[in-house]
Amino acid sequence: MAWLFIAPALLFYSAFVLIPIGMTAYYSLLRWNGIGAAQFRGLQNYITVLTEPDLLSTIGNAFQLVLYFSLLPVGIGLGVAQIIRQHLNGPFGTTARTILFVPQVIPLVAAGIAWSWMLASNGVVNQLLSAVGLGGWTRGWLGDFDFALPAVGIIGAWVLLGLCTMLLVTGIAKIDPTLYEAAKLDGASGWDEFIYVTVPGLRQEIGVCITVTVIAALASFDIVYIATGGGPGGSTNVPGLEIYRLAFAHRQVGLASALAIVLMILVIVCILPIQWIMRERRR
Amino acid sequence: MSLASTARAAPIGAFAARAILIALMLVTLLPFITMFSAALAPSGTYPPGLQWPADPQWSNFVDAFVAAKLDRLLLSSITIVACVVPVSVLIGTMAGFGLAKLAPRGSQFVYLLFVIGLTLPLEVVIIPLYYEIQWLGLLNTKFAIILPLIGLYMPFSIYWMRAHFVNVPAEMSEAAEIDGASAWQQFWLVQVPLARPPIMSLAILQFLWTWNSFLLPLVLVEIPLERTMAGALGAFQGQWGTNIPLLCAGSLIILAPSVIVFVLFQKQFVAALLQGAVKG
């Protein structure tokens, strides 16, 4: 009887998640164009993924995106939380909450389109730079070999900033105010308060922010697809986009699947230690 | 002590807090403002990033509505949401209850199996999903989006609902058992009414995820009008990407429904997004 409650969920989950994971693992051992006969290749696809510079660079790019997607929102969010602490009440607080959450509500595709326009050669970013006398810096940011990847990173940071800030602000309101008062009485500086009261008190929220943002960076697809399509010259290419391209444009299903499995393992390898540290310290 | 007194003791802090929040809000809104100003420029021109046009072309929004076929798109998106969310919330809640309260032998292992899916990037399963949906003969139909999404939502739904049911005191169900209620009656008459808030949050989150899903519709449904909002928006950019005013007007129009729903239910949305992140 009990299993009747669980069976429908398990059925859908098996059909559209578990079995596909198994199939991806199986495809990753093949050379297959998706239509004709497949050849067994063993681990050859994995060797290609880990040695082919064009494929390896997608993984490197994803890790660079982690810096922007994670560090910026968490760093700014922590600073803001420390300053705001208990000031997010009343209608002003509600308005702020609502607005800061808008990037979480709109599709990433829309964020990509909006920012492509912001970062275009006559977009508002260049307009602002010229206005403050930095006209020499203006460029088409997303078409620039050196700046396209950071620009994509900024888009992700914009999307995740509101969520991280609100999580940290909500968390800091739960820290016992007497801890801050005690720190003040002990003559602690603002920085000491931050390091010894805020950061330890927000351990769990920081862990959540890092988990969410790291997954968003490593598995990014929507923003990159819309903003740069992986260009220029593959400088913003990420595993998600390359999997899509290899499988559905170049018909290299086996190689795409191997990259997918590598991506899955990378995400798990990055997330597990974060979860582990969160749990360990909580005790 | 505390709140009131600290606020009074630090008026400068309160001022700085407001200034910082206003700056953050401006950064958040800037992309929309610049899209709005561009949307009002004459169609086909290349307007500057932020400038109120001399002659605002409000008709761009009408043109974009027609070009995006927003009426059909809304219908398609609502149909997909209306199929995915109720089914997925129902079977997720049932499984969460089964795993938390009935806990048959082996349920620990099954729960673990579900939890593993929490961090899974969609890209890992998208290739086999394509061949599976093709095999089922469902490519380019709404079912190509509906069925996989339900499966993909199971890890979070079950994690979320189980966490709720685990914390419901055992006396609740014991009282019902003494009255001779079956597990099925217990579920519907006792547990579901108590679980309204988490069910509501779950439904909100799934609505957003479905509405905004992109990669899945992109791969499985070729016709943009049969997709959900985000999938269609991607196609709209592909088609009108060079006409900045029309692209911006269209993007804003396609965004409008979700932003309106969000503002109307912002309290529930914010709560759901915050809790959803913490638990997920």
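Residues numbered from 1 in each chain as written. Chains lettered and ligands numbered in written order. Predicted model: local features only at pLDDT ≥ 70, side-chain atom pairs only at ≥ 80, totals over all residues. Heavy atoms only, no water.

Asker: With reference to specific residues and values, describe the nonpolar core.
Answerer: One finds Phe114 and Ile127 of chain B to be the most contacted residues of the largest nonpolar core, which totals 190 residues. Ranked by residue count, the leading element in this core is helix H7 (residues 148-173) of chain A, at 15 residues. Once you skip the residues sitting within four places of it in the chain, phenylalanine 114 of chain B turns out to touch Ile6, Ala9, Leu10 and Tyr13 of chain A together with Leu99, Met154, Pro155 and Ile158 of chain B. (Core = buried A, V, L, I, M, F, W, Y, C linked by side-chain atoms within 4.5 Å. Buried < 20%, exposed > 50% of the residue type's maximum accessible area, 1.4 Å probe, protein only. Helix = DSSP H or I, 4+ residues; strand = E, 2+ residues; numbered from the N terminus. Contact = heavy atoms within 4.5 Å.)

Asker: Lay out the interface of chain B and chain A in plain terms, naming residues and giving numbers.
Answerer: The interface is formed by 94 residues belonging to chain B together with 90 residues belonging to chain A. Carbon and sulfur atoms supply 81% of the area that chain B and chain A bury against each other, a total of about 8000 Å² over both sides. Interface area lost by chain B to chain A is led by Glu123, Ile127 and Tyr131 of chain B, which between them contribute 8%. In this assembly, chain B and chain A are joined by 0 salt bridges. For the interface between chain B and chain A, the tally reads 10 residue pairs in polar contact (both at pLDDT 80 or more). At 19 residues, helix H2 (residues 11-39) of chain B tops the list of elements feeding residues into the side of chain B that touches chain A. In terms of residue class, the side of chain B that touches chain A is built from 72 nonpolar, 18 polar and 4 charged. (Buried area = accessible area lost by both parts, 1.4 Å probe. Salt bridge = Lys/Arg side-chain N within 4 Å of Asp/Glu carboxyl O. Polar contact = N/O pair within 3.5 Å; in protein donor to acceptor, adjacent residues only side chain to side chain. Nonpolar A, V, L, I, M, F, W, Y, C, P; charged D, E, K, R; others polar.)

Asker: Explain the side chain of arginine 227 of chain B to me, using residue names and the numbers behind them.
Answerer: Residue and element names in this part refer to chain B. Along the chain, arginine 227 falls in the loop between helix H11 (215-220) and helix H12 (229-240). No salt bridge is formed by the buried arginine 227. Its closest oppositely charged neighbour is glutamate 222, at 7.7 Å. Only 2.8 Å separates the side chain of arginine 227 from the backbone oxygen of valine 221, close enough to count as a polar contact. (Lys, Arg positive; Asp, Glu negative; His and termini not counted.)

Asker: Explain the packing of aromatic side chains residue by residue, including any values.
Answerer: Remark: the centre distance and the inter-plane angle together describe each pair of aromatic rings, the angle taken between the planes. Under the criterion given, the structure shown has 37 aromatic pairs over all chains. Summarising the aromatic geometry, the rings of phenylalanine 221 of chain A and tyrosine 225 of chain A are spaced 5.4 Å apart at their centres and angled 25° between planes, so their arrangement reads as stacked. Of the residues examined, phenylalanine 221 of chain A reaches a relative accessible area of 4% and is grouped as buried. A residue is classified by how much of its surface remains accessible, and tyrosine 225 of chain A, at 27% relative accessible area, is partly exposed. With a centroid separation of 5.0 Å and an interplanar angle of 45°, the aromatic rings of phenylalanine 97 of chain B and phenylalanine 187 of chain B are classed as tilted. Within this pair, whereas phenylalanine 97 of chain B is found in helix H4 (residues 70-102), its partner phenylalanine 187 of chain B is found in helix H9 (residues 183-194), the two being separated by 90 residues in sequence. In this structure, phenylalanine 97 of chain B and phenylalanine 187 of chain B share a single accessibility class: buried. Aromatic rings pair up to connect Tyr26, Tyr27, Trp32, Phe221, Tyr225, Tyr244 and Phe248 of chain A together with Tyr130, Tyr131 and Phe214 of chain B into one cluster. Over the aromatic face of tryptophan 141 of chain A sits the side chain of arginine 139 of chain A, whose NZ or CZ is 5.3 Å from the ring centroid. Between arginine 18 of chain B and the ring centre of phenylalanine 92 of chain A, over which it is positioned, the NZ or CZ distance is 4.3 Å. (Phe/Tyr/Trp six-rings, centres within 6.5 Å; stacked < 30°, edge-to-face > 60°. Lys NZ or Arg CZ within 6 Å of the ring centre and 35° of its normal.)

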